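# Analysis of the macromolecular model
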Amino acid sequence: MSPIFGDFTDFPPLMINCGSEEVKYDDSKVLNYLCQKAGVDVTWTIWQDLFHVFVLFDMPETKQALNKIAEFLK
């Protein structure tokens, strides 16, 4: 199963965080495109030189990403 095979009609706002070295980078790119095409309010952030689940590690970018996620959820 992959979200890129989903129907995004009437989907709520979506935030995609992806490292540029992410193993699923290509899937996140497709997901962003499909959501835009379906009229979804989508925010796609690419974190330069970062990897899958980087937000689980103690790094300067982690705090920035978590703050962006918190703002999005408000």
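In this convention, every chain numbers its residues from 1, walking through the sequence in written order. With the structure being a predicted model, the display of local features is reserved for residues of pLDDT at least 70 and the display and counting of side-chain atom pairs for 80 or more, all residues being used for whole-chain, interface and lining totals. Heavy atoms throughout the structure, all of them, feed into the side-chain values; hydrogens and water do not.

## Here we look at the nonpolar core
For soluble globular proteins, nonpolar side chains are generally found buried alongside one another. Counting seven residues, the largest nonpolar core is built from Phe8, Leu14, Ile16, Leu31, Cys35, Val40 and Val42. Listed by contribution, the elements that provide at least two residues to this core are β1 (14–19) and α1 (25–37). The contact criterion used is simple: two residues touch if any of their non-hydrogen atoms lie within 4.5 Å. Contacts of Cys35, omitting those with residues within four sequence positions, involve Phe8, Leu14, Val40 and Val42. We define the nonpolar core as a collection of buried residues of types Ala, Val, Leu, Ile, Met, Phe, Trp, Tyr and Cys that are connected through side-chain atoms lying within 4.5 Å of one another. Accessibility here uses a 1.4 Å probe with only protein chains present; expressed as a share of the type maximum, an area under 20% marks a residue as buried, one over 50% as exposed, and anything in between as partly exposed. Going along the chain from the N terminus, every DSSP run of H or I of four or more residues is numbered as a helix, and every run of E of two or more is numbered as a strand.

## Here's the deal with a nonpolar patch on the surface
Two joining distances apply to patches: 9 Å for like charges and 5 Å for nonpolar side chains (Val, Leu, Ile, Met, Phe, Trp, Tyr), and every residue must have over 30% relative accessible area and no salt bridge. All accessible areas in this document rest on Shrake-Rupley with a 1.4 Å probe, and a residue is counted as covered only by the protein chains that are shown. A side-chain nitrogen of Lys or Arg and a carboxyl oxygen of Asp or Glu constitute a salt bridge if their distance falls within 4 Å. Taken together, the side chains of Phe51, Val53, Leu56 and Phe57 present a nonpolar region at the surface, about 380 Å² in accessible area. Looking at the secondary structure, you find Val53 in the loop between β2 (42–47) and α2 (60–73). Judged by relative accessible area, which is 38%, Val53 ranks as partly exposed.

## Comments concerning α1
Here a helix's expected span is defined as the number of its residues, less one, multiplied by 1.5 Å. Between the first and last C-alpha of α1 there are 18 Å, a value that for 13 residues agrees with the 18 Å anticipated at 1.5 Å per step. Along α1, the residues classified as buried are Ser28, Leu31, Asn32 and Cys35. Viewed end-on, α1 has its buried residues packed into an arc of 100°, placing them on one side of the element. Facing away from the buried side of α1 by over 90 degrees, the exposed positions are Asp26 and Lys37. For this quantity, the arc is that covered by the directions from the helix axis to the C-beta atoms.

## Structural notes on the packing of aromatic side chains
When we look at a pair of aromatic rings, we describe it by the centre distance and by the angle of the planes. Note on aromatic contacts: the rings of Phe and Tyr and the six-membered ring of Trp form a pair at centre separations within 6.5 Å, being stacked when their planes are under 30 degrees apart, edge-to-face when over 60 apart, and tilted otherwise. Throughout the structure, instances matching the rule amount to four aromatic pairs. Arranged with centres 5.9 Å apart and planes meeting at 40°, the rings of Tyr25 and Trp44 form a pair that is tilted. A residue pair is termed long-range when its members are at least 10 positions apart, and Tyr25 in helix α1 and Trp44 in strand β2 qualify at 19 residues. Taking the relative accessible area as the measure of exposure, Tyr25 reaches 22% and is therefore partly exposed.

## Here we look at the environment of Leu34
Tracing the chain through its elements places Leu34 in helix α1. For Leu34, a relative accessible area of 23% puts it in the partly exposed group. Put simply, Leu34 and Ile4 are 30 residues apart on the chain and 7.4 Å apart in space, counted from C-alpha to C-alpha. With residues up to four places along the chain from it excluded, the contact list for Leu34 reads Ile4 and Phe8.

## Some thoughts on the state of the cysteines
The disulfide criterion used throughout: a pair of cysteine sulfur atoms within 2.5 Å. Tallying each qualifying case throughout the model produces zero disulfides. Looking at the unpaired Cys18, the closest cysteine sulfur is the one in Cys35, lying at 14 Å. Overall, the relative accessible area of 2% leaves Cys18 in the buried class. Classification of Cys35 as buried rests on a relative accessible area of 0%.

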